[in-house]
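Chain by chain, the residues run as shown.
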Amino acid sequence: MAPTTAGTPPLAPHLAILYGSQTGNAESIARGLHDTAVARGFNSSVHCLNDHAAAHLDQVPAVLFITSSTGDGEPPDNANLFFRALRKLKGGDKGPWPQTRYALLGLGDTNYSNFCGAAKRLEKRVSELGATRFYASAFADDATGLEETIDPWVEGLWPVLETVCARKGAAADAASAAAEPAAAPAAKSIANKPAIDTLVNQTASLALTTPAPALYSPPALPTHTIGHLTIPGLPDLSTITSLTGLPAVTVPTVVVTRTTATKPILPTITDYHAQWHSQITRTPLPPYTSSRPASATVRSVTPLTTPDAVKSVLALDLDLPTDTAADPGWAWTPGDAFGICAPVPYDLALATAARLGGAEWTGDGWVSPVVRLDGTNGDADLPQSLRDRDAVVAPKGVEGSAKGHFYSIFDLCRFVLDVTATPKKALLRALGDLATDETEKKLMYYLSSRAGTKAYRGMSDNGRRRCFMSWPTVPSVTSVPLDVLLAHVTPSAPRLFSHSRMGVASEFVRALSVGDVIPVYPAPSARFHLPADGSVPVVLVGAGTGMAPLIAFVRHRHAQREMASARGVQFGSITVVQGLRDPMKDWLFGSELLEMSKAGTVTAVHLAVSRVDVAQGLDGVASMTRGYVQDAIRSTARDAVVGAIEKGGRVYVCGDAKGMGRGVMDAVAEVLGAARGAASKLEAVEMVATLVKEGRYLQDLW
Ligand SMILES: Cc1cc2nc3c(=O)[nH]c(=O)nc-3n(C[C@H](O)[C@H](O)[C@H](O)COP(=O)(O)O)c2cc1C
């Protein structure tokens, strides 16, 4: 039994914490809550939603749901089976839900139109099935800072939970049912220490230093702009004596044991994968997932934009191994995506490993010490990113042949920890705890506190907010323990590409060459597919690389038309509304669309051009509007969009959530509302909401 806080008897009933997490945020919150629960004497267990059976929901008096949303308000991959199970409950079969009491925390981003869609759907369904909410639900927004909602929610949760789990009687239950998140946590005092002259001038810039090995003179470590941390508006911290709202430090649940083995550090992906002692490198059998990907060989990398375009876009042609045919997941339909497990850039991974004491020069090359990772209480305590990977036989040189999770420190930096992600406040807090220099400690505490929220959001490393920038800013932390990093750094998340969505110009994709082998897995879309009935008109709205799944739709329709031409089958109209900067530089698939127009597959192409004047039209293009796709929908493409919807058609929107998702939805509401004589904006918005419900307004946003 875990230790309890002084004077509190262990609470017999179990608490089940269930999370759905795509990129690790919800999982790390769930695990942090579990640790705190155990420390408070709860008999807690933590599982991803797909493993809900292991939580024995019929026996626990309280369940905590923590889930993010992905896609267009869809559940994360490790929650989709749970949602399916909820859907399957029919009639009198309500499963364990009528006896279940729950609290729910949703994670989302208001840049997506379906804010916290998965969490809200989960709550609706379990309530329908008879579950009772014992604590007010909260929905945290990545756009404004998750902590602002999460911290008070967690703070207020504990007293309510103790009542609910201890079952102190009906009166207490009734009181707890109405509970709202409690007030902000009490101030935590921090030492009032020396002046911070170097920091008050608002920039801390520190270089990476690695001691040279004794015998050989190693080549210089790759230079990466690490640690050029700019913090606008940093106050004089010497005047601050107490800070509130510091995030809880996540207790590491991974035990790191260093072995005697080392492993070569190689820059190339092909060689690297060929010798990694982990599931990710040897192509496993299907089904392929992000942690058990297949290996694909790059057949070609072709630029789709001119060299002077603002953003370069590449077409990647990949060869999948023949055995992938056995995986039904690869039987893709247009609109489906696939994931590429992009590693951290080699130079950065090596520089980070070196800082962690994980890169040694042998005279022949760099090697990295191999560590074994175990959960504190078995595999269930490993973060999911590690747990999903199969245990492998110990590498040569390690005593015994027991299977385990073996990684070189470099492997962890390259494939497991995403040091390019935005640092979580909890990581800054943990760095503050580790810092021996009081000034650095105070800076880290400040950035992770409530008062430091503005500085935290404004801090940047050459305009980006990346995890690794924070480490050199605390040079007194000579080495961050790996278990602390595993608890606080976001795990590397795969990037999703449409089948036929060409590589977003990421650092990783740009560096690929023909013959490289990369880890990939299928990620089918639940809803972003063409209607089975080819006579349904469609409107395709895409900007930038958002055109990729849409061109796959066009190609598919074109092939269907060719096959059906002799039979006189009628096909619905295809209206394309495409956003681009300059038709001469980045009109993706331009010539193909013109050909498809000529062939009659595409009915009209409306271009929205954001960076150059469009005095002249282009042959074969129905209209050119200066502005964004939403401007085209409001003007030249208005009739086509409304006409298609009124004929029972569907609208597909693909692009970035911030730039276009909201804007396009507003524009469609406006033109549809006007055409149907909506009495108010709200009524017009409800019209689009109905289309969404009917599966006639579909979005693939990122
Ligand atoms: C591709 C993608 C799609 C997303 N879709 C939604 C969405 O539809 N609704 C929403 O509220 N948040 C959406 N989000 C935001 C995430 O839910 C949010 O960033 C959350 O903190 C991620 O938590 P996780 O790391 O546990 O998955 C999306 C994020 C990404 C990257």
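Because the structure is a prediction, the values reported are computed rather than measured.

Enquirer: Go over the environment of Gly627, please, and point to the residues and values.
Expert: Of note, Gly627 is situated in the loop between strand E25 (623–626) and helix H19 (629–634). Here the alpha-carbon distance between Gly627 and Leu580, two residues 47 residues apart in the chain, equals 9.1 Å. Residue contacts for Gly627: discarding those within four places in its chain leaves Ala608, Val609 and Ser610.

Enquirer: Describe helix H2 (residues 80–88), and please don't skip the residues or the numbers.
Expert: Along H2, the residues that are buried comprise Phe82, Phe83 and Leu86. Taken down its axis, H2 places every buried residue within 100° of arc, on the same side. Buried residues along H2 sit in contact with strand E3 (62–68) and helix H3 (117–128).

Enquirer: I'd love a proper account of the packing of aromatic side chains, names of residues and values included.
Expert: Tallied over the entire structure, the rule returns 12 aromatic pairs. Seen in terms of ring centroids, Phe65 and Trp97 are 6.0 Å apart; in terms of plane orientation they differ by 35°. Their pairing is tilted. With Phe65 in strand E3 and Trp97 in the loop between H2 and strand E4 (101–108), this residue pair connects regions lying 32 residues apart in the sequence. Judged on exposure class, the residue Phe65 and its partner Trp97 are both buried. Taken together, the ring pairs in this structure connect Phe65, Phe82, Phe83, Trp97 and Tyr102 into an aromatic cluster. Here the guanidinium or amino end of Lys425 rests over the ring plane of Tyr456, the centre of that ring lying 5.4 Å away.

Enquirer: So what's going on with a positive patch on the surface? Which residues, and what values?
Expert: Where like charges cluster on the molecular surface, the positive patch consists of Arg84, Arg87, Lys88 and Arg121. In terms of residues, the positive patch owes the most to one element, H2, which gives three residues. Positionally, Lys88 belongs in helix H2. Residue classification places Lys88 among the exposed positions, given a relative accessible area of 62%.

Enquirer: Residues and numbers for the packing of H2 against H3, please.
Expert: Contact pair H2 / H3: the axes reach a minimum separation of 11 Å and the direction vectors enclose 30°. Classified by the angle between their axes, H2 and H3 sit roughly parallel to one another. Both H2 and H3 take part in a crossing whose hand is left-handed. Residues Phe82, Phe83, Leu86 and Arg87 of H2 pack against Ala118, Arg121, Leu122, Arg125 and Val126 of H3.

Enquirer: I'd love a proper account of the environment of Ile574, names of residues and values included.
Expert: Within the element layout of this structure, Ile574 appears in strand E23 (residues 574–580). Looking at Ile574, the relative accessible area reads 2%, which means it is buried. Once the C-alpha coordinates of Ile574 and Val602 are considered, the two residues, 28 residues apart in sequence, prove to be 5.0 Å apart. Not counting chain neighbours up to four residues away, the residues in contact with Ile574 comprise Val538, Leu540, Val554, Arg557, Thr601, Val602, Thr603 and Ala604.

Enquirer: Can you explain the site of the ligand? Please cite residues and give values.
Expert: Near the ligand lie 21 residues; those nearest to it are Ser21, Thr23, Gly73, Cys116 and Asp142. Contact between the ligand and Ser68: an oxygen atom at 2.8 Å from a side-chain N or O atom of the residue. Separating a nitrogen atom of the ligand from a backbone N or O atom of Gly71 is a distance of 2.9 Å. About the coverage of the ligand: the protein hides 86% of its 640 Å² of free accessible area. At the level of secondary structure, the elements contributing two or more residues to the shell around the ligand comprise helix H1 (25–39) and E4. Split into classes, the residues belonging to the shell around the ligand amount to six nonpolar, 12 polar and three charged.

Enquirer: Please provide a residue-by-residue account of empty space enclosed by the protein, values included.
Expert: Within the structure shown, the criterion is met by two cavities of 30 Å³ or more. Considering only enclosed or pocket space, the largest cavity measures out at about 210 Å³ in volume. If you go around the largest cavity, you meet 21 residues; those closest to its centre are Ser28, Arg31, Pro383, Leu486 and Ala487. Counting residues per element, the lining of the largest cavity draws most heavily on H1, at four residues. Taken together, the residues that form the lining of the largest cavity break down as 11 nonpolar, six polar and four charged.

Enquirer: I'd love a proper account of the confidence of the model for the protein chain, names of residues and values included.
Expert: Per-residue confidence for the protein chain gives a mean pLDDT of 80, with 82% of residues at or over 70. For residues 500–505, every residue scores under 50 in pLDDT, and the model assigns this stretch 30 contacts once sequence neighbours within four places are set aside.

Enquirer: Could you give an account of the sheet that holds strand E24 (residues 604–609), naming the residues involved and the relevant values?
Expert: In a beta sheet, neighbouring strands pair by backbone hydrogen bonds and run either parallel or antiparallel. Pairing is parallel across the open sheet formed by six strands, whose spatial order is E25-E24-E23-E22-E26-E27. Every other strand in the sheet has two partners, leaving E25 and strand E27 (697–701) as the edge strands with one partner each. Taken over all neighbouring pairs, the strand axes of this sheet differ in orientation by 15° on average, direction set aside. Lying on the sheet, helix H16 (residues 547–564) is in contact with strand E22 (538–543), E23, strand E26 (650–655) and E27; it crosses E22 at an angle near 145°.

Enquirer: How would you explain the pairing of strand E12 (residues 294–303) if you had to name every residue and give the values?
Expert: Sheet analysis places E12 next to strand E21 (residues 517–523), joined by four bridges and oriented antiparallel. Among the inter-strand pairings, Ala296 is bridged to a residue of E21, identified as Ile518. Bridge count between E12 and strand E13 (residues 314–319): six bridges; the pairing is antiparallel. Counterpart to Val301 in the pairing with E13 is Leu316.

Enquirer: Any details on helix H12 (residues 438–448)? Residues and values, ideally.
Expert: Most of H12 sits inside the fold, with 10 of its 11 residues counted as buried. Of the residues making up H12, those classed as buried are Thr439, Glu440, Lys441, Lys442, Leu443, Met444, Tyr445, Tyr446, Leu447 and Ser448. Where H12 starts, the residue carrying a side-chain oxygen 2.8 Å from the main-chain nitrogen of Thr439 turns out to be Asp437.

Enquirer: Tell me about the nonpolar core, and please be specific about residues and values.
Expert: If you look at soluble globular proteins, the nonpolar side chains tend to sit buried side by side. Leu373 and Leu447 are the most contacted members of the largest nonpolar core, which totals 54 residues. Going through the elements one at a time, helix H8 (346–355), strand E16 (366–375), helix H10 (409–416), helix H11 (425–434), H12, helix H13 (453–458) and helix H14 (482–488) are the ones with two or more residues in this core. Counting contributing residues, this core receives three or more from each of domain 2 (220–249 + 419–488) and domain 3 (254–416). Core analysis: the next-biggest nonpolar cluster, separate from the first, contains 30 residues, Ile17, Ala30, Ala138 and Leu161 among them.

Enquirer: I'd love a proper account of the pairing of E23, names of residues and values included.
Expert: Across the seven residues that make up E23, a large majority, seven, are buried. Side-chain alternation along E23 places Ile574, Val576, Gln578 and Leu580 on one buried face and Thr575, Val577 and Gly579 on a second face that is also buried. At this point the chain moves from E22, through H16, to the parallel E23, and the crossover so formed is right-handed. With six bridges connecting them, E23 and E24 associate as parallel partners. Within the sheet, the bridge partner assigned to Gln578 lies in E24 and is Leu607.

Enquirer: Residues and numbers for unusual backbone geometry, please.
Expert: In this structure, Cys116 is a non-glycine residue whose phi angle is positive, near 50°. Position of Cys116 among the secondary structure elements: in the loop between E4 and H3. Taking the relative accessible area as the measure of exposure, Cys116 reaches 1% and is therefore buried. With a phi angle near 60°, Phe589 is a residue other than glycine that sits in the positive phi range. Using a relative accessible area of 11% as the deciding quantity, one classes Phe589 as buried.

About the thresholds
- In this convention, every chain numbers its residues from 1, walking through the sequence in written order.
- With pLDDT at 70 or above as the cut-off, local features in this predicted model cover only qualifying residues; side-chain atom pairs require 80 or more to be listed or tallied, and sums for whole chains, interfaces and linings still use all residues.
- Computation of side-chain values: all heavy atoms of the structure, hydrogens and water removed.
- Strands here are runs of E lasting at least two residues and helices are runs of H or I lasting at least four, both read from the DSSP assignment and numbered beginning at the N terminus.
- Should any heavy atoms of two residues lie within 4.5 Å, those residues are counted as being in contact.
- Exposure categories follow from relative accessible area, calculated using a 1.4 Å probe and restricted to protein chains: below 20% of the type maximum is buried, above 50% is exposed, and the middle band is partly exposed.
- Working note: the arc is built from the helix axis to C-beta atom directions.
- A pair of Phe, Tyr and Trp rings is counted when the ring centres sit within 6.5 Å of each other, with Trp represented by its six-membered ring. The angle between the planes then sorts it: under 30 degrees is stacked, over 60 is edge-to-face, the rest tilted.
- Whether a charge sits over a ring comes down to the Lys NZ or Arg CZ being within 6 Å of the ring centre and within 35 degrees of the ring normal.
- Nonpolar side chains (Val, Leu, Ile, Met, Phe, Trp, Tyr) within 5 Å and like charges within 9 Å form the patches, drawn only from residues with over 30% relative accessible area and no salt bridge.
- All accessibility values rest on the Shrake-Rupley procedure with a 1.4 Å probe; residue burial counts only the protein chains present in the view.
- Salt bridges are defined as contacts in which a side-chain nitrogen from Lys or Arg sits within 4 Å of a carboxyl oxygen from Asp or Glu.
- Counted as positive: Lys and Arg. Counted as negative: Asp and Glu. His and the chain ends are not counted at all.
- Charged groups are reduced to one reference atom each: NZ for lysine, CZ for arginine, CG for aspartic acid, CD for glutamic acid.
- For helices, the fitted axis covers only the stretch in contact; all axes are lines through C-alpha atoms, and the angles between them, taken along N-to-C directions, range from 0 to 180 degrees.
- Any angle that falls under 35 degrees is termed roughly parallel, while one over 145 is termed roughly antiparallel, one within 65 to 115 roughly perpendicular, and all others oblique.
- Handedness of a crossing is defined here by the sense of rotation of the near helix relative to the far one, left-handed for an anticlockwise turn of less than a right angle and right-handed for a clockwise turn.
- A molecule or strand has a residue near it when one of that residue's heavy atoms lies within 4 Å.
- Any N or O atom pair separated by 3.5 Å or less is treated as a polar contact, with the protein-specific requirement of one donor-capable and one acceptor-capable atom, and with residues adjacent in sequence counted only for side-chain atom pairs.
- Amino acids outside the nonpolar list (Ala, Val, Leu, Ile, Met, Phe, Trp, Tyr, Cys, Pro) and the charged list (Asp, Glu, Lys, Arg) are all regarded as polar, and Gly is one of them.
- A pocket here means an open set of points on a 1 Å grid, computed over the protein atoms alone, that has protein on both sides within 12 Å along at least five of seven lines. A cavity is instead a set of points where a 1.4 Å probe fits but cannot get out; residues with an atom within 4 Å of a point line either one.
- Grid points are joined across faces, edges and corners, and a volume is the space filled by probe spheres set on the points.
- Per-residue confidence from the predictor is reported as pLDDT, which spans 0 to 100.
- Pairing between two strands is assigned when DSSP locates at least 2 bridges connecting them.
- Among buried residues, those of type Ala, Val, Leu, Ile, Met, Phe, Trp, Tyr and Cys that are joined through side-chain atoms within 4.5 Å constitute a nonpolar core.
- The split into domains, and so the bounds of each, comes from an automatic or database assignment of domains.
- For the handedness criterion, the strands are oriented away from the viewer, and a crossover whose path from the first strand over the helix to the second runs clockwise is classed as right-handed.

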